[in-house]
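# Reading the structure
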Amino acid sequence: MTVKQAATRSLALGRASQELDLKRGEFDLAVQLGHLRTTAGESGRPPRVEQQEIDRLRGKEGFPGTLRERVRTVGTVEGARLISISPARFARLARTGHFTPVRFYLNRYRAVVWLYLAEEVCQFALAHPGLLSGRTPPALRAVLDAGEDRRARNWRGRSLGLLLRRTADPWERAAAIASVLDPVAVSEVATDPYERSHLRVLRPELVPGRPESPAGREVVERLLLADHPDEILWHRVSLAEALREARELRPAPRPVPKAEPRTVSGTVPRGARLLPVRRNPYRGGLLTRLRFRRASTVA
């Protein structure tokens, strides 16, 4: 293999995850967080990873441990153990928005289990040691007493931000913003039905896979859509601005109008010869014979 061939060689995602010594979930998270760059596949095929990108990551100091540590996730219990606090305190800090989830899954009871980056949990502990012990500050206590839970909202914001960072196309950015709004809110901002259709076609998936059970899908659908008034207003304003930029670039696709049937003009072009219309000599005779035969039969 020549140097040029090695530089342009690309690997499928499964093979690339093996080369980087990552589990598939860790690999997907590395791509989502921007630690690993992928290239678009040809003709709608899945994305691929260039060999140069694999070599870049493998050449970093501490590989593969450092890369794997950057995508390591922890739940409430493991996260609390990591920074030496109780799971109850960790959950309170997460509900008040101090830990931003990076993903979630549903357990067998269809309860949402949030996962956090271990690296970010440790960074928070170093930056805010006062929140790891003692009484909960009054401001946080008021949020908890009001029953507010910011985990889903923060996860949506993070996921949307990662999607927007991966594309510069205004229509794709508008579709990403529309993915966290319910259809009614989208229709109020995008009043053109062709624009709404285009947004649906480009709509990305915040969650790679959906549960098979209807109850599980219902839980996930609730997590995907903005539900706080401030959050909904923010995304509506962002969608309106994204649509304005998209329209300036190019309009949404519309059906090609059908060509109108060409009409024959009543005027005769100058110099044209008019040909006499000849009647079919056989048509009249055939009808006459049929009428005569029918009359003879009746008689």
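The structure under discussion appears in the preceding block.
These notes cover the structure that comes with them. (Residues numbered from 1 in each chain as written. Predicted model: local features only at pLDDT ≥ 70, side-chain atom pairs only at ≥ 80, totals over all residues. Heavy atoms only, no water.)

### Regarding the packing of helix α10 (residues 151–165) against helix α11 (residues 170–178)
The line we're drawing: Here, axes are lines fitted to C-alpha atoms. For helices the fit covers the stretch in contact, and angles between N-to-C directions go from 0 to 180 degrees. Here a strand is any run of E in DSSP of at least two residues, a helix any run of H or I of at least four, and the numbering for each starts at the N terminus. In what follows, roughly perpendicular refers to angles from 65 to 115 degrees, roughly parallel to angles under 35, roughly antiparallel to angles over 145, and oblique to any angle outside these ranges. Only heavy atoms enter the contact rule, under which two residues are in contact if any of them lie within 4.5 Å. For this classification, Asp, Glu, Lys and Arg are treated as charged, while Ala, Val, Leu, Ile, Met, Phe, Trp, Tyr, Cys and Pro are nonpolar and the rest, including Gly, are polar.
At their nearest, the axes of α10 and α11 sit 9 Å apart, and the two run at 170° to each other. One way to sum up the angle between α10 and α11 is to call them roughly antiparallel. Each of Leu-160, Leu-163 and Leu-164 in α10 lies in contact with α11, whose residues at this interface are Arg-173, Ala-176 and Ile-177. In the contact of α10 with α11, the residues fall into 5 nonpolar, no polar and 1 charged.

### Re unusual backbone geometry
Backbone phi values are negative for most residues with the exception of glycine, while trans is the configuration of most peptide bonds. That bond from Phe-63 to Pro-64 is cis: its omega, 5°, falls within 30 degrees of zero. Tracing the chain through its elements places Pro-64 in the loop between α4 (51–58) and α5 (65–70).

### Structural notes on the pairing of strand β5 (residues 112–117)
Our working rule: DSSP bridges decide pairing: two strands pair if at least two such bridges lie between them.
As defined by bridge partners, strand β3 (residues 73–74) adjoins β5 across 2 bridges and the pair is classed as antiparallel. Its bridge partner being in β5, Thr-73 is matched across the sheet by Leu-117. Sheet analysis places strand β4 (residues 103–106) next to β5, joined by 4 bridges and oriented antiparallel. Bridged to Tyr-105 within β5 is Val-113.

### Describing the packing of aromatic side chains
This is how it is decided: Pairing of aromatic rings covers Phe, Tyr and Trp, the last counted by its six-membered ring, and requires centre-to-centre distances within 6.5 Å; plane angles under 30 degrees mean stacked, over 60 mean edge-to-face, and any other angle means tilted. Three labels apply to residues, based on accessible area from a 1.4 Å probe with only protein chains included: buried if under 20% of the type maximum, exposed if over 50%, partly exposed otherwise in between.
Taken as a whole, this structure holds 7 aromatic pairs when the rule is applied. Ring geometry for Phe-90 versus Tyr-116: centroids 5.4 Å apart, planes at 75°, classification edge-to-face. In this pair, Phe-90 is assigned in helix α7 (residues 87–95) and Tyr-116 in strand β5, connecting sequence segments 26 residues apart. The pair Phe-90 / Tyr-116 is uniform in exposure class, with both members buried.

### Some words on the side chain of Glu-231
Structurally, Glu-231 is set in helix α15 (residues 229–249). On the basis of relative accessibility, which here comes to 5%, the residue Glu-231 falls in the buried class. For Glu-231, the residues in contact, after removing those within four places along its chain, are Arg-153, Arg-156 and Ala-226.

### Points about the sheet that holds β5
Where strands meet in a sheet, backbone hydrogen bonds hold them as pairs that are either parallel or antiparallel. Here 3 strands make up an open sheet; going across it, the order is β3-β5-β4 and the pairing antiparallel. For this open sheet the edge positions go to β3 and β4, each flanked by a neighbour on one side alone. Strand contacts of helix α8 (residues 118–127): β3 and β5, with the helix running at about 70° to β5, the strand carrying the most contacts.

### Considering empty space enclosed by the protein
Definition in use: In this analysis a 1.4 Å probe is tested at points of a 1 Å grid over the protein atoms alone, and where it fits but cannot get out there is a cavity; an open set with protein on both sides within 12 Å along at least five of seven lines is a pocket; lining residues have an atom within 4 Å of a point. Grid points are joined across faces, edges and corners, and a volume is the space filled by probe spheres set on the points.
As enumerated under the stated definition, the model contains 1 cavity of 30 Å³ or more in all. In this structure, the largest cavity occupies an estimated 50 Å³ of space. Looking at the largest cavity, the residues that line it are Arg-89, Arg-92, Leu-93, Leu-131, Thr-136, Pro-137, Leu-140 and Leu-144. At 3 residues, the largest contribution of residues to the lining of the largest cavity is made by α7. The residue makeup of the lining of the largest cavity, split by class, is 5 nonpolar, 1 polar and 2 charged.

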